[in-house]
Amino acid sequence: MLNRAVMLRRTTLAAAMTMGLAGVAFAQSTTGTIFGQAEAGETVTVTSSTGISRSATVDTSGRYRISNLPLGTYSVVLQKDGATVDSRKDVAITVNAGTEVTFAAAANAQALASVTVTANALPAIDVSSVDSRTVITSQDLERLPLGRSAEAIALLAPGVVQGSGYFAGQKAGSPVVSFGGSSVSENAYYINGYNTTDPLSNLGGIGLPYGAIDQQEIYTGGYSAMYGRSDGGVISQVGKRGTNEWHFGGQIMWSPKFLAEDPKDALFPNQALPNGDEYTDSSLPGTKYRSRKGNTKWNTTYDLYVGGPLIKDKLFFFVAAEAEKEQGTSTSSATSAQPANTNYKYSVPKYYVKLDWNINDSNILELTGISNKTEYSGVKYAYDYETGKTGEFIGNDTSTKTGSDIWVGKYTSYITDNLTFSATYGQNRAIDYSNVPGIDPSLVYLSSPTNQDPAITGGNPIYNGNTILYVKDPNAHNKTHGLRLDLEYKLGDHTLAAGIDNMHYTATDEGQQVSGPAYAWLYGHTSRPNNPLSAGQGVGAPGGDGYYVRKYVFTTTTSMSVDQKAQYLEDRWQINDKFLLNLGIRNDQFTNYNSAGKAYVDNNNQWAPRLGFSWDVFGDSSFKVFGNLGRYYLALPNSVAIRGASASTFTYEYFTYSGIDANGNPTGLTPLGPGPVSTNGEYGQAPDAKTVTASNLKSQYQDEAILGFSKMLGTDWVFGAKGTVRKLQTAIDDVCDMDPLINKAVAQGIDPDSVNLPNGCLIFNPGENNSFLLAKVDGSGYEKVNMSTKDWGFSTGAKRKYYALDLFLEHPFDGKWQARVDYTFSRSYGNTEGQVLSTIGQDDISKTQDWDSAPLMVNSNGVLSNDRTHQLKAYGSYMVSPEWMVSGALRVMSGAPKACLGYYGPDETDPTTGYGSAYRWCGGKPSTLGTIGHLPWQKIVDLGVTYRPAFADNKLAFSLNVFNVFNERKPTVLEATYEDSPFTVSNAYGTTQYQTTPRYARFAVSYDF
């Protein structure tokens, strides 16, 4: 589907670190496992800091395993005939992982109760897991200089890169990330086992207050059949909980404006153009496109927490609150509706409360409450690019309030030593409020006023103060609720698991429309005034000096819902002392409903097999070889109904004009076409739910294979390698060229006058044989049309492949220092990025302009937007003395491929009428992504120092973190649209849209008791 944001930009010119290279991955779990070896018949008892006690008998093969343990520290005691013969204390477990505690045979014990070993002597490699993940603990978060978000933590993991700056997460302005070449909307977020991913579009998710994070898992592949709905990665946070000891503390952080550097100014490119081409405005090349002077910000954050027992060994609570405030200034581009300095404010309050009730040793109840909101407001003042001065107040920016209130309940019953049942239920009420204070509804948004005819304006563009293009319904909101039931049974060498995993999403009044009187004026200019602006739509030539204007209407507000259900079976088979096999199968069902409650997508029987293994080569947890094969299905989020399965309006009407009034409205209009025209047939009509998608539509899914190893190097180091191959098997997008379908219908003998022919876009699987229904005019049913890849005119189907080699070397924290280095060589290539299109920032999930027609996919096969060939990541900390610690993090990676999108072919035509400069041609030459080069390498160094004075018993801490120490300010996104009209090059093409965050510093004072 044509990207309305890009169409507008064309006319405006604007715009441990526990490395689980291993196991069964319980991607939404909140528990861990203790396992090991001892003499057969002995009893192992584990007791937590909250008084939970569980026991297991060592089986005949000398193994024991105690699973589904709440996170915390444990004492592990080995008993024989009721007498203690060995023990371990302070054993900290890792979420979704196994911690090995192996005992010598009781007959060989030197003493009985006196034999006690601390957790530091435990093996560093988890041989009980087969997934690929990184776990960052709260201790790691205290030590390392990191941004305070789930995504900033996730960037520590190999193969994870920051997504395009065009996309933002659920927290306004927050970045999103790409895992293993997948698009940024293909990830899943969890808190305490509940899905907190953005319920509307799946972009980003909610995170905990930073100080409430106990552990964060970053899954980069290989998770088990228990979990799904992601073919990218998983970010799962587990919050802290109360114990039998009281803990409280707080932290104050300050990032001062005076220690923050400005971003770089951006200039209009001044490039040598192909013969016959001209810039839209010949006066702009080499001048300032966007001033960034003074575009700095300051930030303050306050954290408080308290936790402890309400009833010792029975009832515990933990409460954390965080209040973040940020203020700064941002200057819009010279070609915006009205250049302005925006003084903006963010307020981000977060709350977290956790109650744990040990009903008895066999039953536990957990309740979690989470609130994470972001409020934004801004005030705009006119900015003069000629003088560089800020002028008078011109209006308010769009005020927004987004975020969620989430409640989660989990009940766990240890029915027997071998049988465990758990039930988790949660609700999420997400707000998506938007409003523009004081906006004048009579003022029309003016796009690219710099393109107004200078013969009328005298070269001084006319503005009107409306700087807001789109507005939302203030009632927009989302709700989710979910239930999962899990049953685990240990039967000899097998640990069997089964369960259900159901989610329901509802969105109300989501979408947007043009501000003011619900239309905008888009001023334009062509260097070839005698050529038709869009011959295929009947739009003629402007004549004269080539100045024209378009009336733009865009309205998409609607409601919708999604049901996602799944069932799974899994067998964790310990074949022998060294070899673990994990076998699983998952069945997903996805159903999407439009505003009328009619299903337009109904996918069932989506079987996803998972196979993983772990080989403890020497039998002592010092060398592990692991691997897995898996299939992962991805559901369509609610937002697909917007412009896809619900009524929408997206039209242009072309005119020349003879004057412009004081508010910037064109006067003396002369039509150049037949009236409003819509490239995708969006005239406000509601599509039939049965005809808007292929009747045999398949969900997007991806197959993945991983093989790797991790090995001890001496007693203090671990190194390893992992190879990953991912292949997208089926994608979903929309196709908007209906002539091939109509021709095929006629060829099948269908009278085109007897059916309602589609005049919009249809959702399908590119490269698959798709069947579509056409409603009969007489209401008697439907005719079916079968379309192959060749029928549409495509030469191939959807392709996305990713392969990577990850190497790592790690020194776990030993009380003195820690370090880890990861290097990843990878390639992501094909013709389909996924659900979004990063080159132009299109977030119409599974409705991008790719696949809209065959000409749009010519020259599409190459590297993809999230490809980063080389990535080097390193981080660590060092205790200089008991009071002083230094830390650092390094990220070095090659740049993203550059993009250039222009008119089609050497003659610069528009074969898919109305798409203009959207083809993979650049100045009449083929332009596969990356053929014109890559963006610069990124080299980011973050450093930190912490002082914990002895006089405060090391409970008081002062720290300073400096981010991007060397002030790298490299472009991360360039404007990719080459032309405004045939042979007329956009002045904005190649301008910097986003760049590396400049250097800034953060001071912090904390106290933990």
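It should be noted that the structure appears before, not after, this text.
Source: prediction; values computed, not measured.

About the criteria used
- Residues numbered from 1 in each chain as written.
- Predicted model: local features only at pLDDT ≥ 70, side-chain atom pairs only at ≥ 80, totals over all residues.
- Heavy atoms only, no water.
- Disulfide = S-S within 2.5 Å.
- Helix = DSSP H or I, 4+ residues; strand = E, 2+ residues; numbered from the N terminus.
- Salt bridge = Lys/Arg side-chain N within 4 Å of Asp/Glu carboxyl O.
- Buried < 20%, exposed > 50% of the residue type's maximum accessible area, 1.4 Å probe, protein only.
- Core = buried A, V, L, I, M, F, W, Y, C linked by side-chain atoms within 4.5 Å.
- Contact = heavy atoms within 4.5 Å.
- Polar contact = N/O pair within 3.5 Å; in protein donor to acceptor, adjacent residues only side chain to side chain.
- Patch = residues over 30% accessible without salt bridge, like charges linked within 9 Å, V, L, I, M, F, W, Y side chains within 5 Å.
- Areas by Shrake-Rupley, 256 points an atom, 1.4 Å probe, with all protein chains shown as cover.

Draft legend 1. Spatial organisation of the state of the cysteines. Applying the stated rule across the entire model yields 2 disulfides. Covalent S-S linkage joins Cys736 and Cys761, the inter-sulfur distance amounting to 2.0 Å. The chirality of the disulfide connecting Cys736 with Cys761 is right-handed, given an S-S dihedral of about 110°. Here Cys736 is found in the loop between strand 45 (733-735) and helix 5 (739-747), whereas its partner Cys761 is found in the loop between helix 5 and strand 46 (762-764), with 25 residues between them in sequence.

Draft legend 2. Looking closely at the pattern of salt bridges. Following the criterion strictly, the structure yields 42 salt bridges and no others. Across the pair Asp850 and Arg920 runs a salt bridge, and its minimum N-O distance is 3.0 Å. One end of the pair, Asp850, is in the loop between strand 50 (817-830) and strand 51 (862-863); the other, Arg920, is in the loop between strand 53 (884-893) and strand 54 (921-922), with 70 residues separating them in the sequence. Both residues of the pair, Asp850 and Arg920, belong to the buried class.

Draft legend 3. Region of interest: the nonpolar core. Residues Tyr600, Leu741, Phe772, Trp792 and Phe794 are the most contacted members of the largest nonpolar core, which totals 42 residues. Looking at this core, the elements that each hand over two or more residues are strand 37 (599-616), helix 5, strand 46, strand 47 (770-775) and strand 48 (782-787). Looking at this core, the element that brings in the most residues is strand 46, giving 3 residues. In this view, Phe794 contacts Val735, Phe764, Thr789, Trp851, Ser853, Ala854 and Met857; residues no more than four positions away in its chain are not counted. Listed in part, the 35 residues of the second largest apolar core include Ile153, Leu155, Ile191 and Met503.

Draft legend 4. Structural context of the side chain of Glu151. Considering the arrangement of structural elements, one finds Glu151 in helix 3 (residues 150-154). At 2.8 Å, the side chain of Glu151 forms a polar contact with the side chain of Tyr189. Look past the residues within four positions of Glu151 in its chain and what remains in contact with it is Pro175, Val176, Val177, Tyr189, Gly204 and Gly205.

Draft legend 5. Highlighting a nonpolar patch on the surface. Together, Trp573, Ile575, Leu583, Leu611 and Leu629 make up an exposed nonpolar region whose accessible area comes to about 400 Å². Note that Leu629 resides in strand 38 (residues 623-634).

Draft legend 6. Structural context of unusual backbone geometry. Non-glycine residue Asn192 carries a positive phi angle of around 45°. Mapped onto the elements of the fold, Asn192 is located in the loop between strand 13 (188-191) and strand 14 (194-195). Overall, the relative accessible area of 6% leaves Asn192 in the buried class. Its identity is not glycine, yet Asn859 carries a phi of approximately 65°, on the positive side. Note on placement: Asn859 falls in the loop between strand 50 and strand 51.

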